[in-house]
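Descriptive structure summary
Here is what each chain is made of, one letter per residue.
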Amino acid sequence: MTGRPADPNAARAPELALAVLNAIQNPVILVDANGLIAFANWEAESFFGASASHLARHDVSTFIPFGSPLLTLIDQVRERKAPVSEYRVDLSSPRLGAEKLVDIYVAPVTTDPGSVVVVIQERSMADKIDRQLTHRTAARSVTGLASMLAHEIKNPLSGIRGAAQLLETSVIDEDRALTRLICDETDRIVSLVDRMEVFSDERPVDRVPVNIHSVLDHVKAVAKAGFARNLKISELYDPSLPPVYANRDQLVQVFLNLVKNAAEAIGDRPDGEIQLTTAYRPGIRLSVAGTREKISLPLEFCVHDNGPGVPADLLPHLFDPFITTKTNGSGLGLALVAKIIGGHGGIVECDSQGARTTFRVLMPASRGVSEDDDYPKTKGHD
C-alpha cells in the first residue's frame, strides 16, 4: 500500500507564512496566553518602534497606552473564543506618537489556546483620502463659480472701469483720487476672477515622465532668488526614485506655491528652514470613482517647514477655496494645488504638529512602473 505523495510545499510552509505576514502592509502581532508578544511582522516593528526580538521580551501592555481598549479586546476574544473588531481606537502616546487613530481586529488562534492575533489598520491615510475627495468636490464647485463669474462679473466691471476713466478726465483734482480708486479696485477684482478661471479649465493635461528632483531644484532656485532668499532650504532625496507621470509646468506651479506658503509662514525667524524630501511609499492606493480601478500612489514628495504651524480648526479645510490665514490672501492657492494634484490622480495633505508643518503630495509613478515591479528591492526605503 502506497501513501500519498509528499506535498513539495509542506516543508516551506513556515517560510512562506512568514513571507506573507511580512508582506502585509498592516502591523500584525501574535500575543500569547501570558500577554507576551510572540511574533511581530515588519510593519509591527515600524509601528511600535522596536525590533521583533525586543518586542518578544515584553508584555503587549508595555507598548500601548495605559488602559488602552486593545487590552480589553484581547480579553474579550480569549473569553468568547471569537474574533472582535473595534474602529477608531486611539493609541496615541509618547512612544507611538500623536494622532495614532487605528482600527483593530483581534482573533483567537485555535491551535494555541489563549493566544490571539492582532491586526492594526492605521486610520490616518484613509481619513486623509476621504478629505482629499472632499477637496476635489470643493474645487469642482469653484469651477462652476469661476465660469459664472467670468461672464457675469468681468463684463460689467469693464464698463465700470471705462466710466471711471471718462470721469477722471472731467473731475477736479480732489475727486480724481476716487476715480483712480475705482479703477484700481476693478482691476483687483478682475485679477481675482482671472485666477479663479484656472479652475474652469478642463482641457486634458499633457503629461510625460518627469524627474521630480529637477522640478524641485528649479523651484528651490526660484525661491532662493526671491521670496526665500534669507531662508535655509535643504533636501533629502531618494536618488533612485522613478519618474512621475505629470505635467512639468504644473508641478513647478504646485511646489512653488507650497514653498512660498512655507516661506511666508516662517516669516523673519532667524532659524527658519524649509526641507524638500522625496521617498517611495508602497501600499497607498486610491480608488477611482465609478470604476473598480485602484491607482497606486507610491511617490511621496514633501515640503516641510518649522513655522508656527496651522491652527487645528483650520487644518481639515485648508484646501477648500477661500480659506486662508493670510491678511491679504485670496484662499485660492492651496485649492489650486489640490485641483492640479487631483487632476494627476494624486492626493495632497497637510500635517501640522507644533512648529513642524508638512505638505505631503502622493502621486503615481510614470507608466510602466508599478508596485508589482517590487520597487524598491530592499526594505530600507520604508
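Use the structure listed above.
Everything in this summary refers to the structure shown in the same document. Here the residue numbers are simple positions, counted from 1 along each chain's written sequence. With pLDDT at 70 or above as the cut-off, local features in this predicted model cover only qualifying residues; side-chain atom pairs require 80 or more to be listed or tallied, and sums for whole chains, interfaces and linings still use all residues. With hydrogens and water set aside, each side-chain value is computed from the structure's full complement of heavy atoms.

Re the overall build of the protein
- For helices the rule is a DSSP run of H or I covering at least 4 residues; for strands it is a run of E covering at least 2, with both sets numbered from the N terminus onward. Helix and strand counts for the protein stand at ten helices and 14 strands.
- Only the protein chains shown count as cover for residues, and all accessible areas are computed by the Shrake-Rupley method using a 1.4 Å probe. A total of about 21,000 Å² of accessible surface is found on the protein, and carbon and sulfur atoms cover 55% of it.

Details of the packing of helix 9 (residues 248-266) against helix 10 (residues 333-343)
- The geometry of helix 9 relative to helix 10 is characterised by a closest axis approach of 10 Å and an angle of 145° between their N-to-C directions. Crossing of helix 9 against helix 10: the hand is left-handed. Note on element contacts: helix 10 touches helix 9 through Gly-333, Leu-334, Leu-336, Val-337, Ile-340 and Ile-341, opposite Gln-250, Leu-251, Gln-253, Val-254, Asn-257, Leu-258 and Asn-261.
- The residue classification treats Ala, Val, Leu, Ile, Met, Phe, Trp, Tyr, Cys and Pro as nonpolar and Asp, Glu, Lys and Arg as charged. All others, Gly included, are polar. Looking at side-chain class alone, the contact of helix 9 with helix 10 contains eight nonpolar, five polar and no charged residues. For helices, the axis comes from a line fit to the C-alpha atoms of the stretch in contact; other axes are also lines fit to C-alpha atoms, and the angle between any two N-to-C directions lies between 0 and 180 degrees. Helix crossings are classified by the rotation of the near helix relative to the far one: an anticlockwise turn of less than a right angle makes the crossing left-handed, while a clockwise turn makes it right-handed. In what follows, residue pairs with any heavy atoms lying within 4.5 Å of each other are defined as contacts.

Some words on the pairing of strand 9 (residues 273-280)
- Where burial is concerned, most of strand 9 is hidden: six out of the eight residues are buried.
- Any two strands with at least two DSSP bridges between them are considered paired. One ladder, built from five bridges, connects strand 7 (residues 232-236) with strand 9; its direction is parallel. Looking at strand 9, one finds that Lys-232 is bridged to Glu-273.
- Relative to strand 12 (residues 299-305), strand 9 runs antiparallel, the two sharing seven bridges. The buried label applies to any residue whose accessible area, calculated with a 1.4 Å probe on protein chains only, is under 20% of its type's maximum; exposed applies above 50%, and partly exposed to all values in between.

Regarding the environment of Phe-255
- With respect to the element layout, Phe-255 can be found in helix 9.
- For Phe-255, a relative accessible area of 1% gives the class buried.
- The spacing of Phe-255 and Leu-276 is 21 residues in sequence and 9.7 Å in space, taken between C-alpha atoms.
- Dropping the residues within four chain positions of it, Phe-255 is found in contact with Ile-212, Val-215, Leu-216, Val-219, Phe-301, Val-303 and Val-361.

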